[in-house]
Amino acid sequence: MATTPRRAAILGGNRIPFARQNGAYAKASNQDLLTATLDGLAARFGLAGTHLDEVVAGAVLKHSRDFNLTRESVLGSALSPTTPAYDIQQACGTGLEAAILVTNKIALGQVDSGIAGGVDSSSDAPIALNEDFRQTLLAANRAKTTGQKAKALTRFRPQQLLPSIPQNTEPRTGLSMGEHMAITAATWGITREAQDELAAASHQNLAAAYDRGFMDDLLTPYLGLTRDANLRADSTVEKLAKLKPVFGRGEGATMTAGNSTPLTDGASAVLLSSEEWASEHGLPPLAYFVDGQTAAVDYVSGEEGLLMAPAYAVPRLLARQGLSLQDFDYYEIHEAFAATVLVTLKAWEDAEFCKSRLGLDAPLGSIDRSKLNVNGSSLAAGHPFAATGGRIVASLAKMLHEKGTGSRGLISICAAGGQGVVAILEGA
Amino acid sequence: MASDFYGDFVRTGLGKKVVSSVGLPSPVRLRRYSPTAPLIEGTVLVAGHGDAPLAAHIASMLKSLHLEVVDEAPVSGSLSAVIADLSTIEHPEDLESLRAIVAPTLKSLRSNARVVIIGRPPEAATSPAQRAALRALEGITRSIGKELRRGGTANLVLVAEGDDTNVDATVRYLLSGRSAYVSGQVIVVGEGSPVEPGDWARPLAGKVAVVTGAARGIGAAIAEVLARDGATVVAVDIPAAGDALAKVANAIGGTALQLDVTAPDAGQRIVDHANTRHGGLDIAVHNAGITRDKLLANTDETRWRSVLDVNLMSILRMNEAILGPGGLRDGGHLVLVASIAGIAGNRGQSNYAASKAGVVGLTQALGSDPELRRRGITVNAVAPGFIETEMTAKIPLGTREVGRRLNSLQQGGLPVDVAETIAWFSQDANAGVSGNVVRVCGQSLLGA
Ligand SMILES: NC(=O)c1ccc[n+]([C@@H]2O[C@H](COP(=O)([O-])OP(=O)(O)OC[C@H]3O[C@@H](n4cnc5c(N)ncnc54)[C@H](O)[C@@H]3O)[C@@H](O)[C@H]2O)c1
């Protein structure tokens, strides 16, 4: 076992194109999507039959039968069946958190190689029994005699057949994520125009990435889909301006279906290893995973916005690494909503916020916007919750590799429950 | 793959009756290669004209493989192969030796038999009479191919003077099931330094091969056969075919490289991938190809250009990196995929025929390139005939049925048949074969 931490290398990644809800992957399960993604990764890196030390992945929308989702996916894939796996769940931070876990183990010498990933299907979502019906059935199950069972079942009412479908709402506030974001966006005075501009740029950047072949070694087609179904290469601010707001009320309603991410299905995976493992396998590192950080905010009391946690996580990470916000070649800020990105950037520029909330003497400052989400982000690609982290880590690693040794990238991902996961990568 | 209704039907009891009563062609199931099976079962006759130096060499090689070798046709019992060495003939008179060796055996050949005629390249003849005689071998071989039934094939091997020992890999190939769908062909064996594999069941062990267009059809079969023969395979296809490509790569423990061969940097990316991932490149197979059929009268510039670009010009561009410094290793093998359409021409396929005839020309040029010969790199091509793939499944049924039957073996070939010939071209033991275009067409009547 290594005594000093080792550098964890990012060797590459794979994802399947992201589909819109009830689109191309309507009938595929999380396990199908993750297995196909692992197979694509195995093929790209020649890992068929190869033992890896660990595969870590998860899904946000998860069936109870999928308690061993990642291990089952490994068993169905081309990887060696001796490859252990476990599931994690940290809402939209799942994929990046998985990468932090694997790279930490690499750094400690506990594993030499691993895959971090994530998957989500909003189409094949788990539907639970109506809670009343479930209680009725459990009561009947507990009953000892047939008579008691029959009696318990008489509590059944037809309306109990209505299923309970998972919703994108915060359990403690009853508000949807979009409604939360709309409040924060209004507080920070984020304009409709700025959001539409960011959304249009996301589509244009991702379309350009596909056109110049940037995606060729990041993606493997699946079920007839060869590009993200949500991508609109011809998206413009003018077209986006025509959409009606869907979140927020009255004057302040600036958030539309165009500047919010839609529900999507997809999966991603990233191959990580020690430098020795990489060179033994003839796989040159694209980047190194430098550090990661999480944070959470009190959004329940309304003291802070639901998706503001990354704004808190980043300064802690910068301080630990002795870096300033401007020390990066690329910024990958997950576009849950265009407004999320804009609020985060505005908060870091705001002296008052940085002082009172982050406890900093001076604001973090602004970033060079031409370095932000340069190959598109979730508004264009879509956002299958747990798959977003892997999508970003793989493409940022490739960008940093192209940029050169020592280049730096910052990843910021907001997650339900008022959480945030952020990380720094360095080009190899 | 299009199913061969007719072929399957005639192999049923009822089918056999119908076929024999109305005189329809009756295709047999061809004997195909297996690394664990003997090269060929049964007795092999090896004989020749005069002192027949090649017959002596081949007979001793086959005996070392524990095959049953005779130098005279047995009075009773059947033969599975006849090898006739005519390398010392000087005059058409001497062709009588060929007749005398082969003719008496034909009626008692087993099914899937092999007739291999050995000669010298006519260009090297020292007299007009000798050249006439040597040239006659080709006509005779092709006629025997057409006369043979039940899966039998006949091929001619022309061995350059002084290179007799370079013939071994070719003889093995022709006797084995690798050449199941190859008949009426002329293979020229010349100089080179063959290296015998440690294990003939894995002749490509330790080699790194790249195959373009490997997601399906013939390319997928090439990838599988090269891997079976021991090579580590880089499977290349367009990004849109990535899921099928991943399945091929994972099934053979290779790697998938998603790229369009028409990309300007395709060759460099292939070479870089092979070098960084696998430490070098030994075998490159240019198989990716498309058709955009239309009568020439209706062919616009786009259809013209796209077919020439994928099938021919991309190969020229990729070869700059593949044959350049840091590309294919010395002693490596480049294989191209032509088509009988490039030899015979095809109505509605001017663009395709142009590209595939171009591939033949390119193969001839590179195969005799002095620098490549010096580096020990062989360059050869296969020209498939009618092969049962998704490409040919698109042909309308009537035309398809004709294409499938118009050959000496009376059936379509399988992707594996093309792959086996490519795998043979890729052997270091076959270093003496370069600049050859071998048709894998069951001796199709087209372009013969
Ligand atoms: N099937 C036949 O009977 C036949 C006969 C003669 C020659 N051929 C030749 O054999 C080769 C394979 O044919 P097949 O029948 O397997 O065809 P196919 O169409 O089944 O497969 C061809 C493969 O090449 C790939 N490809 C096409 N354009 C590409 C590009 N630009 N970059 C990378 N990959 C690309 C395709 O995606 C496909 O996977 C072709 O060169 C074809 O011309 C086939």
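Residues numbered from 1 in each chain as written. Chains lettered and ligands numbered in written order. Predicted model: local features only at pLDDT ≥ 70, side-chain atom pairs only at ≥ 80, totals over all residues. Heavy atoms only, no water.

**Student:** Just checking my understanding: could you explain the pairing of strand E10 (residues 283-286) of chain B for this structure?
**Tutor:** A regular strand places its side chains so that they alternate between the two faces of the sheet. All names here are of chain B. Burial along E10 is two-sided: the residues Ile-283 and Val-285 and Ala-284 and His-286 are all buried. As paired strands, strand E7 (residues 208-212) and E10 are joined by 3 bridges and run parallel to one another. In the sheet register, Ala-209 faces E10, and the bridge partner there is Ile-283. Relative to strand E11 (residues 333-337), E10 is paired through 4 bridges, and the arrangement is parallel. For Val-285, the partnering residue across the bridge sits in E11 and is Val-335. As a crossover connection, the stretch from E10 through helix H10 (residues 301-322) into E11 is right-handed. (Buried < 20%, exposed > 50% of the residue type's maximum accessible area, 1.4 Å probe, protein only. Helix = DSSP H or I, 4+ residues; strand = E, 2+ residues; numbered from the N terminus. Pairing = 2+ DSSP bridges. Right-handed = clockwise from strand over helix to strand, strands pointing away.)

**Student:** What is the right way to look at the packing of helix H9 (residues 266-278) of chain B against H10(B) in this model?
**Tutor:** Angle between the axes and distance between the axes are the two parameters that describe a pair of packed helices. Residue and element names in this part refer to chain B. For the pair H9 and H10, the least separation of the axes is 7 Å and the interaxial angle reads 40°. In terms of crossing hand, the pair formed by H9 and H10 is right-handed. Along its contact with H9, which presents Ala-266, Gly-267, Gln-268, Ile-270 and Val-271, the element H10 presents Met-318, Ala-321 and Ile-322. Taken together, the residues of the contact of H9 with H10 sort by class into 6 nonpolar, 2 polar and no charged. (Axes fitted to C-alpha atoms, helices over the stretch in contact; angles between N-to-C directions. Left-handed = near helix turned anticlockwise from the far one by under 90°. Contact = heavy atoms within 4.5 Å. Nonpolar A, V, L, I, M, F, W, Y, C, P; charged D, E, K, R; others polar.)

**Student:** Honestly, the environment of B:Val285 in this entry has me stumped. Any pointers?
**Tutor:** Residue and element names in this part refer to chain B. Inspection of the secondary structure assignment puts Val-285 in strand E10. On the basis of relative accessible area, Val-285 is assigned to the buried category, the value being 2%. Considering only alpha carbons, one finds Val-285 and Arg-400, 115 residues apart in sequence, at a separation of 27 Å. Non-local contacts of Val-285, meaning those with residues more than four positions away in its chain, are made with Val-210, Val-211, Thr-212, Ile-222, Leu-226, Val-335 and Ile-422.

**Student:** Help me understand the sheet that holds strand E12 (residues 378-384) of chain B, please; the structure alone is not making it clear to me.
**Tutor:** Across a sheet, paired strands are connected by hydrogen bonds in the backbone, their directions being either parallel or antiparallel. Residue and element names in this part refer to chain B. One open sheet accounts for 7 strands, arranged E9-E8-E7-E10-E11-E12-E13; its pairing is parallel. If you trace the sheet from one side to the other, it starts and ends with strand E9 (255-258) and strand E13 (437-440), each paired once. The average angle at which neighbouring strand axes cross in this sheet is 20°, direction not considered. Judged from the 4 bridges that link them, strand E8 (residues 232-237) and E9 form a sheet pairing that is parallel. Within the sheet, the bridge partner assigned to Val-236 lies in E9 and is Leu-257. Contacts from H9 reach E7, E8 and E9 within the one sheet, and its direction differs from that of E9 by about 155°.

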